[in-house]
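Here are the chains, one letter per residue:
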Amino acid sequence: MSPGADTLPPAFAGDDVASPTEILAPDLARQPGRLGPSDGIISLAADNWPRVDDGLQIRSGGAVAVDTATLSAAAVRFDAAAEELSGIAEHVRRLQRAMRALSAAAGEAPASASVLVNRLEAAQAEAEEIARALREAGCAYEMVEIQAAHRAAVLAGDAARAERLDLRLGALVDRHPDAWRMALGAEFGYGVMWPSELVRQATQWGVAIGSEISDPGAIVVGAGAGVLTLGGAITAGLVGAGTLSRQARLSGTAGPVMLTPVTPAAPGSAGPAMGVSPLTADNRVGALLGAGEGGRLSTVGGRSPGSIAPHSLAAATVRIPSEGDARVRVERYTMPDGSRQFAVYIAGMQSGAVGGPDAWDNASNVELYAGRMSDSYAATEAALAAAGAQPGEAVHVFGFSQGAMIGAHLALEGPYDTRTLVSLGSPVDADVGPGTLSVAVRHADDPVVALAGGGHAEPVGSPGSFLVERVSDPDTGPDDAGLPAHRLTAYADTAALVDGSSDPRVDALRGVFDDLSRAEAVEVTEYAAARGAG
């Protein structure tokens with residue numbers, strides 16, 4: 001059982017480039033390039049490795065996302081039901097005694113009453129057992145939450161809070177030893193299961209590659225690929241570079257970078273939007289950006305005619321730049337009350353180079369993941385400023401891969417009121433705090449997502465935040481080298497599934513889009529960014 005999960009039916013190399021588990025049927029037809037079930041234990045292990053459900057999963061986030069208050073309330077209701085059953089059983093006993101006094105006139109009624117009493121007592125015992133189990137589960141999940149909070153307190157250097165949490169946990173463990181065992185099992189299960197789909201696919205891929213050499217080769221390559229994948233995932237979790245605390249801040253400086261406004265493209269396309277006039281010659285000239293204090297940059301930019309706000313997660317996802325020169329898209333919304341809100345859409349890595357002219361490259365990937373200021377982050381802040389965003393104004397962030405890392409740090413340390421952070425295929429998981437709606441969309445078979453080490457053990461963000469996960473490409477083959485589960489198009493497909501979900505947890509995000517739809521004017525600006533002095 002994966003508490004808090006909703007399962008629906010199925011319907012960095014290049015960035016564009018829990019629920020019930022199930023065991024693959026042992027009688028699956030043999031596939032080309034893969035050993036049969038009797039050809040080796042590695043093949044058998046690959047075929048029967050625990051799998052993540054292929055359907056869409058929506059959770060409140062964290063290793064175990066459970067509303068313990070709801071469990072307690074349910075336990076109270078079962079207690080009340082048990083008490084009512086006890087009362088009914090007592091009434092029936094009284095009737096039974098009265099009927100026995102009537103002797104022959106009562107006939108078989110006393111015997112029937114006795115059967116009814118037995119059934120009522122059995123139902124009462126079952127209700128009491130369910131109430132006890134709910135309380136134990138609630139206590140177990142509370143222990144998981146306390147352990148997660150304790151780890152966060154230790155990382156933040158808050159020794160006093162860590163000590164208080166230790167005392168609280170110790171008291172709970174003394175009173176509920178069974179719940180403690182359940183809590184340990186839940187955390188261990190999550191620690192083993194979160195990379196399970198990657199391990200399964202890596203093992204099958206290794207078996208298929210090795211079988212082209214020999215049966216022993218299939219065993220060696222399959223086992224090696226699986227063990228390396230599992231080891232890498234566990235290392236990522238232990239190192240913790242992919243989990244950002246609320247105090248996480250980028251170090252160092254960035255720049256110089258050239259920021260150039262470009263003609264905004266229609267969402268999801270590589271070319272200019274139809275009906276949008278070209279930018280003037282003055283606006284076509286990019287302003288040279290020099291590195292300022294903390295890597296912050298200043299510039300000027302041009303704006304195109306208006307557009308409309310996205311109405312769904314899929315509509316927002318296709319606005320993230322993926323082709324052409326644009327790296328950041330900014331939309332400015334003028335609301336009916338005269339206030340302004342902004343949405344920023346940040347591209348994933350666009351160049352495999354390290355330190356080349358494109359700021360969205362592997363150098364920026366490494367810098368951001370290591371907690372250092374990148375040119376792409378500085379350019380994104382400059383783009384927001386060039387589009388008119390002022391410190392303290394409301395900003396909604398949508399980022400893919402490297403763009404999601406940039407977005408995470410904007411939410412953690414940027415000068416804006418970051419109300420929404422939507423991360424797609426992110427290699428980090430940020431504890432953005434209670435003022436930001438956090439929506440993380442992940443593919444269980446995306447190796448880039450695995451760099452987050454499974455993410456935070458506790459839910460992050462404001463109430464209504466949620467985590468989306470599914471297996472994007474369950475089949476294994478040579479194309480896996482291209483990271484198909486990490487393509488923006490694949491995440492757009494997942495976003496569409498989220499939009500079609502009836503899960504109430506999506507309502508908070510829908511509320512964001514509904515609010516933006518009230519804008520009386522929308523201005524769109526897109527920017528290209530390049531390193532150097534031009």
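Look above for the structure.
Calculation criteria
- Residues numbered from 1 in each chain as written.
- Predicted model: local features only at pLDDT ≥ 70, side-chain atom pairs only at ≥ 80, totals over all residues.
- Heavy atoms only, no water.
- Axes fitted to C-alpha atoms, helices over the stretch in contact; angles between N-to-C directions.
- Helix = DSSP H or I, 4+ residues; strand = E, 2+ residues; numbered from the N terminus.
- Parallel < 35°, antiparallel > 145°, perpendicular 65-115°, else oblique.
- Contact = heavy atoms within 4.5 Å.
- Nonpolar A, V, L, I, M, F, W, Y, C, P; charged D, E, K, R; others polar.
- Phe/Tyr/Trp six-rings, centres within 6.5 Å; stacked < 30°, edge-to-face > 60°.
- Buried < 20%, exposed > 50% of the residue type's maximum accessible area, 1.4 Å probe, protein only.
- Pairing = 2+ DSSP bridges.
- Polar contact = N/O pair within 3.5 Å; in protein donor to acceptor, adjacent residues only side chain to side chain.
- Left-handed = near helix turned anticlockwise from the far one by under 90°.
- Core = buried A, V, L, I, M, F, W, Y, C linked by side-chain atoms within 4.5 Å.
- Salt bridge = Lys/Arg side-chain N within 4 Å of Asp/Glu carboxyl O.
- Expected span 1.5 Å × (residues − 1).

Here we take up the packing of helix H10 (residues 362-369) against helix H11 (residues 375-386). Angle between the axes and distance between the axes are the two parameters that describe a pair of packed helices. Packing of H10 against H11 brings their axes to within 8 Å, and their N-to-C directions diverge by 90 degrees. Taken together, the axes of H10 and H11 are roughly perpendicular relative to one another. The segment H10 lies against H11, with Ser-364, Glu-367 and Leu-368 engaging Asp-375, Ser-376 and Tyr-377. Partitioning the contact of H10 with H11 into residue classes produces 2 nonpolar, 2 polar and 2 charged.

On inspection of all chains with the given rule, the structure shows 3 aromatic pairs. Relative to Phe-513, the ring of Phe-398 has its centre 6.3 Å away and its plane inclined at 15 degrees; by these criteria the two rings are stacked. Residue Phe-398 is located in strand E8 (residues 394-400), and its partner Phe-513 is located in helix H15 (residues 507-516); the two are separated by 115 residues in the primary sequence. Overall, the relative accessible area of 3% leaves Phe-513 in the buried class. Aromatic pair Phe-400 and Tyr-491: ring centres 5.9 Å apart, planes at 55 degrees, arrangement tilted. Of the two residues, Phe-400 sits in strand E8 while Tyr-491 sits in helix H14 (residues 488-499), which places them 91 residues apart along the sequence. Like Tyr-491, Phe-400 is buried. One aromatic cluster is present, built from ring pairs that chain together Tyr-345, Phe-398 and Phe-513.

All right, on to the pairing of strand E6 (residues 328-334) then. E6 sits mainly inside the fold: 6 of its 7 residues count as buried. Linking two consecutive strands that pair antiparallel, namely E6 and strand E7 (residues 340-346), is a turn of 5 residues; a positive phi of about 90 degrees is found at Gly-338 within it. Inspection of the sheet shows E6 paired to strand E13 (residues 521-531) by 7 bridges, in the antiparallel sense. Residue pairing in the sheet places Thr-334 in a bridge with Ala-521 of E13.

Before going further, it helps to spend a moment on the side chain of Ser-462. By the element assignment, Ser-462 lies in the loop between helix H13 (447-450) and strand E12 (466-470). At a separation of 3.4 Å, a polar atom in the side chain of Ser-462 contacts the main-chain amide nitrogen of Leu-437.

Before going further, it helps to examine the packing of H10 against helix H12 (residues 402-413). In contact at an axis separation of 10 Å, H10 and H12 are set at 40 degrees when each is read in the N-to-C sense. Compared by their axis directions, H10 and H12 come out oblique. Classified by chirality, the crossing of H12 by H10 is left-handed. Counting all contacts with H10, which are made through Ser-364, Asn-365, Leu-368 and Tyr-369, the residues of H12 involved are Gln-402, Met-405, Ile-406 and His-409. Class assignment of the residues belonging to the contact of H10 with H12 gives a composition of 4 nonpolar, 4 polar and no charged.

The next thing to look at is the nonpolar core. Nonpolar side chains tend to gather and get buried jointly when the protein is soluble and globular. Counting 40 residues, the largest nonpolar core has Val-330, Val-344, Trp-360 and Leu-384 as its most contacted members. Counting residues per element, the ones that place at least two in this core are strand E4 (257-262), E6, E7, H11, E8, H12 and E13. Looking at which element gives the most residues to this core, the answer is H11, with 7 residues. Setting aside residues no more than four positions away along its own chain, Val-344 makes contact with Val-328, Arg-329, Val-330, Thr-380, Leu-384, Val-395, His-396, Val-397 and Phe-398. Ile-320, Tyr-333, Leu-488 and Val-524 belong to the second-largest nonpolar core, a separate cluster that totals 33 residues.

If charged atoms from side chains of opposite charge come close, those side chains can pair. Considering all chains together, one arrives at 20 salt bridges under this definition. Of the charged contacts in the structure, one is a salt bridge between Arg-97 and Glu-90, with a shortest N-O distance of 3.8 Å. Note on Arg-97: relative accessible area 47%, which makes it partly exposed. You can call Glu-90 partly exposed: its relative accessible area is 29%. Here Asp-515 and Arg-518 are joined by a salt bridge, their closest N and O atoms 2.6 Å apart. For Asp-515, a relative accessible area of 23% corresponds to the partly exposed category.

Quick look at the side chain of Ser-374 now. For Ser-374, the position within the fold is in the loop between H10 and H11. Classification of Ser-374 as buried rests on a relative accessible area of 0%. Excluding its chain neighbours within four sequence positions, the residues that come into contact with Ser-374 are Ala-254, Ser-364, Glu-367 and Leu-368.

Once that is clear, we can look at H11. Here H11 is 12 residues long and its end C-alpha atoms lie 16 Å apart, about the 16 Å a rise of 1.5 Å per residue gives. For H11, the buried fraction is high: 11 of the 12 residues fall into the buried class. Residues Asp-375, Ser-376, Tyr-377, Ala-378, Ala-379, Thr-380, Glu-381, Ala-382, Ala-383, Leu-384 and Ala-386 constitute the buried set of H11. Positive backbone phi, at 105 degrees, marks Gly-388, one or two positions downstream of H11.

Let's shift gears to the environment of Pro-415. The topology assignment puts Pro-415 in the loop between H12 and strand E9 (417-424). Here Pro-415 falls in the partly exposed class, since its relative accessible area comes to 31%. For the pair Pro-415 and Val-395, spaced 20 residues apart in sequence, the C-alpha to C-alpha distance is 10.0 Å.

Burial analysis of E4 places 6 of its 6 residues in the buried class, which makes it a mostly covered element. Of the two faces of E4, both are covered, the one formed by Val-257, Leu-259 and Pro-261 as well as the one formed by Met-258, Thr-260 and Val-262. As paired strands, E4 and E13 are joined by 6 bridges and run antiparallel to one another. Looking at E13, one finds that Pro-261 is bridged to Tyr-527.

So far we have only geometry, and geometry alone does not tell us how the molecule works.
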